[in-house]
Amino acid sequence: MRYLFLLPLLAVALPATARETPRPERLRADVERLVGFGTRHTASDPDHPTRGIGAARRWFAAELTRIGNGCGDCITVANIARGFTGPRAPGGVNIVDVLGFQQGRDPKRVVIVMGHIDSRVSDVMNATADAPGANDDASGVALVLEAARILSKQRFDATIVYAALSGEEQGLWGAQLLAETARERGWTVTAVLNNDIVGNTIGQDGRRVADRVRVFSEGIRASETIEQQVARRAAGGEDDGPSRALAKAVDSIAATIPGGLDAFLDRRPDRFGRGGDHEPFLKLGYPAIRFSVGVENYDAQHQDLRTVGGRVLGDTIDRMDFPYLAKVTALNVATIARLAAAPAAPDGVSIDGALATDTTVRWSAVPGAAGYRIRWRRNDAQDWTAHRDVTGTQALLPGIIVDDHFVGVSALSAGGAESITTFAGRPPR
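Computed from a prediction, not measured in an experiment: that's the story for all the values here. (Residues numbered from 1 in each chain as written. Predicted model: local features only at pLDDT ≥ 70, side-chain atom pairs only at ≥ 80, totals over all residues. Heavy atoms only, no water.)

**Brief notes about the overall build of the protein chain**
Okay, so step 1: Secondary structure summary: the protein chain contains nine helices and 17 strands in total.
Okay, so step 2: What you see for the protein chain is a C-alpha radius of gyration of 22 Å, in line with the 22 Å of a compact globule of 429 residues.
Okay, so step 3: Taking the principal axes of the C-alpha coordinates as reference, the protein chain spans close to 70 × 45 × 40 Å.
Okay, so step 4: Of all intrachain contacts in the protein chain linking residues separated by at least 6 positions in sequence, the fraction that spans at least 24 positions is 75%.
Okay, so step 5: When the accessible surface of the protein chain is split by element, carbon and sulfur atoms take 52% of a total near 17200 Å². (Helix = DSSP H or I, 4+ residues; strand = E, 2+ residues; numbered from the N terminus. Rg over C-alpha atoms; globule rule 2.2 N^0.38 Å. Contact = heavy atoms within 4.5 Å. Areas by Shrake-Rupley, 256 points an atom, 1.4 Å probe, with all protein chains shown as cover.)

Here's what the structure looks like:
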């Protein structure tokens, strides 16, 4: 029996408010304010009224509260905190994350957009020297605030979490705290968008790269057991784990933004030999990616403010490109708007068709889904090349030989918003 209940092709239209253009001058003002706290080192004075990480966190919370007041208290601000000890904080430090919750129709399903509010200089233990941290990572925190300004004007199915994390430079501790909080509270995490160093276009060697943003993602999941990894490789799904699927969704969204950026899909979890705040989420199995600039300037990262032989070092605001940061923000906003408006991604997606010329696809029903989009491609392609919209939870793809094609399924809202695509593996035995 063939299950080919076709839906009309649903145009994936973002809410009108999500198409509002991020404003470079607001992003600049937020970065200037964050730089103005002198240092935001994780171990800096948490109680000083105008200097240090405590003052910066209180300002961020106040800004989110102000944005929430403008939308009828649609954003609730809260802190989560825990003490951490490690080589970069041997005496221990209290890690505080500031979170804004824009509650959706489903309070347990979340899309997280985040940056880290802490900064540092050359000596990671130096908690008193000026550490402006303009690009690393006031840029990401400013992006989070601008996203809240735009997205707070619309209600979504999923809850949006706006996060400023602490302790990134000490060991990704704020991200670990938030990821473990998500697990403890039973959140269904649709996506984690980590924005870290997203505001410059001039690189170390002077080249300018202003046409793209790098999107880092894992293929094989860090959270999978060896048996699960073997099964993924057997099905050919190394390039289609949830985080890679999220990155591919970002790529498709980027192509729809006039005058926007190319999403450069960097097929690594992060930069070579380095890490970021999305990684604790990956360890717990959540779809998470990192946005970072197309080219980095290492003289503006983790540096004391100084000039050596005419070479200027330090992460200062004059090295930033705010129209570029606005474009990275726009891509984040469009991604959040789509995924928060869509249902959750399907579970239990499998294919069958060995020794046949047709492929059967099955999946579990997704609450709130108006339909589903089956996607497929030949095995020698990286991106989906064809799709069919259906209802029900089973369909037959005539003439699609399972040996030569990859298949995935996403969920659609009544308005056409699409979840990330779940790769189809072998059916359970």
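**Points about the sheet that holds strand S12 (residues 359-362)**
Across a sheet, strands are paired by hydrogen bonds formed along the backbone, either parallel or antiparallel in direction.
Okay, so step 1: Taken in spatial order, the three strands line up as S11-S12-S15 in an open sheet, and their pairing is antiparallel. At either end of the open sheet lies a strand with only one pairing partner, and these are strand S11 (350-352) and strand S15 (394-397). Direction aside, neighbouring strands of the sheet carry axes that sit 20 degrees apart on average.
Okay, so step 2: Bridge analysis of S12 against S15 gives four bridges, and the strand direction is antiparallel. Bridge pairing in S15 places Arg362 opposite Gln394. (Pairing = 2+ DSSP bridges. Axes fitted to C-alpha atoms, helices over the stretch in contact; angles between N-to-C directions.)

**Concerning the packing of aromatic side chains**
Okay, so step 1: The full count for this structure, using the stated rule, is five aromatic pairs.
Okay, so step 2: With centroids separated by 5.4 Å and ring planes inclined at 15 degrees, the aromatic side chains of Phe84 and Trp173 adopt a geometry described as stacked. With Phe84 in strand S1 (residues 75-86) and Trp173 in helix H5 (residues 173-184), this pair connects stretches of sequence that are 89 residues apart. Residues Phe84 and Trp173 agree in their burial class; the two are buried. (Phe/Tyr/Trp six-rings, centres within 6.5 Å; stacked < 30°, edge-to-face > 60°. Buried < 20%, exposed > 50% of the residue type's maximum accessible area, 1.4 Å probe, protein only.)

**Here we look at the pattern of salt bridges**
Okay, so step 1: Under the counting rule described, the total for this entry stands at 33 salt bridges.
Okay, so step 2: Across the pair Arg271 and Asp270 runs a salt bridge whose closest N-O atoms are separated by 3.0 Å.
Okay, so step 3: In this structure, the salt-bridge partner of Arg311 is Asp299, at a minimum N-O distance of 2.5 Å. Placement of Arg311 in strand S10 (residues 311-313) and of Asp299 in the loop between strand S8 (288-293) and strand S9 (306-308) is noted, with a sequence separation of 12 residues between them.
Okay, so step 4: With relative accessibility at 43%, the residue Arg311 sits in the partly exposed group.
Okay, so step 5: By sharing partners, the salt bridges in this structure join Glu20, Arg26, Asp30, Glu63, Arg66, Glu146, Arg149 and Lys153 into a single network. (Salt bridge = Lys/Arg side-chain N within 4 Å of Asp/Glu carboxyl O.)

**Quick notes on the confidence of the model for the protein chain**
Okay, so step 1: Looking at the protein chain, the pLDDT average stands at 95 and 96% of residues meet or exceed 70.
Okay, so step 2: Note that pLDDT drops below 50 for residues 1-18; the model gives that stretch 52 contacts with residues more than four away or on any other chain. (pLDDT = per-residue confidence, 0-100.)

**Brief notes about unusual backbone geometry**
Okay, so step 1: Following Asp136, the chain continues into Asp137 via a peptide bond in cis, with omega recorded as 5 degrees.
Okay, so step 2: Among the secondary structure elements, Asp137 is positioned in helix H3 (residues 134-151).
Okay, so step 3: A positive phi is found at His302, a non-glycine position, where the angle reads about 55 degrees.
Okay, so step 4: Position of His302 relative to the elements: it lies in the loop between S8 and S9.
Okay, so step 5: You can call His302 partly exposed: its relative accessible area is 29%.
Okay, so step 6: In this structure, Leu355 takes a positive phi of about 65 degrees despite not being glycine.
Okay, so step 7: Tracing the chain through its elements places Leu355 in the loop between S11 and S12.

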